[in-house]
Amino acid sequence: MNNLINEFSSLIQSVPKIIRALSNTDYKPSPTKWSKKEILGHLCDSATMNHKRFIDRLSSKDELVLELYKQNSWVELNDYQNSYTIEEILTLWTALNSRFMIVLANISEEQWKLQYTSQNEESVTLSWLFTDYIDHMKHHLNQILG
Ligand code: NI
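Residues numbered from 1 in each chain as written. Predicted model: local features only at pLDDT ≥ 70, side-chain atom pairs only at ≥ 80, totals over all residues. Heavy atoms only, no water.

Trainee: Tell me about the packing of helix H1 (residues 2–20) against helix H6 (residues 126–145), and name the residues and values.
Mentor: Interhelical geometry of H1 versus H6 gives an angle of 20° and a closest axis separation of 12 Å. Here H1 is positioned roughly parallel relative to H6, judged by the angle of their axes. The element H1 and its partner H6 pack so that their crossing is left-handed. Packed against H1, whose contacting residues are Leu-4, Ile-5, Glu-7, Phe-8, Leu-11, Val-15, Ile-18 and Ile-19, the element H6 presents Phe-130, Thr-131, Tyr-133, Ile-134, Met-137, Lys-138, Leu-141, Ile-144 and Leu-145 at the interface. The residue inventory of the contact of H1 with H6, partitioned by class, reads 14 nonpolar, one polar and two charged. (Axes fitted to C-alpha atoms, helices over the stretch in contact; angles between N-to-C directions. Helix = DSSP H or I, 4+ residues; strand = E, 2+ residues; numbered from the N terminus. Parallel < 35°, antiparallel > 145°, perpendicular 65-115°, else oblique. Left-handed = near helix turned anticlockwise from the far one by under 90°. Contact = heavy atoms within 4.5 Å. Nonpolar A, V, L, I, M, F, W, Y, C, P; charged D, E, K, R; others polar.)

Trainee: Let's hear about the UniProt feature "domain: DinB-like" (unreviewed entry) in the chain: which residues, and what values?
Mentor: UniProt tags residues 26–144 as "domain: DinB-like" (unreviewed entry). A helix fraction of 62% and a strand fraction of 5% characterise residues 26–144, whose end C-alpha atoms lie 11 Å from each other. (UniProt positions renumbered as here; feature names shortened; annotations may be inferred.)

Trainee: Requested: an account of the pattern of salt bridges, with residues and values cited.
Mentor: It is possible for side chains of opposite charge to pair when their charged atoms get near one another. In this structure the tally under the stated criterion is six salt bridges. The salt bridge involving Asp-26 is made with Lys-37; its shortest N-O contact spans 3.3 Å. One end of the pair, Asp-26, is in the loop between H1 and helix H2 (36–58); the other, Lys-37, is in helix H2, and eleven residues separate them in sequence. On the basis of relative accessible area, Asp-26 is assigned to the partly exposed category, the value being 42%. (Salt bridge = Lys/Arg side-chain N within 4 Å of Asp/Glu carboxyl O. Buried < 20%, exposed > 50% of the residue type's maximum accessible area, 1.4 Å probe, protein only.)

Right, here's the structure in full:
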């Protein structure tokens, strides 16, 4: 997991500089499609959700089911499009991910194997969840930069 944590750390450093250089971050391709600002807001929601998942798993011995969340409602109700500048969302993104990083950096090898039961009743480990978190982040960063 160390390589992935290092990659995460470099993303936290490099992404704000790259996104600050973009223009038209408010532009919505259609009323139902997210602007670049909203995609970054979605990544803040993802950080919030996954941070909670890790804290919940690390602090409980019970079986836990991986709950999905209403991604569109989160973006809409947080009103990233109208209530924030891109700079404010970047500040939030950096703060949330830096805080998540503190939790990740202190996870032991044994703890990375802790599991969630997912909706289809297969189990996923914390290492799977973190790998998926970074893949998901990179997918949306490519959308923002593309
Ligand atoms: Ni997504």
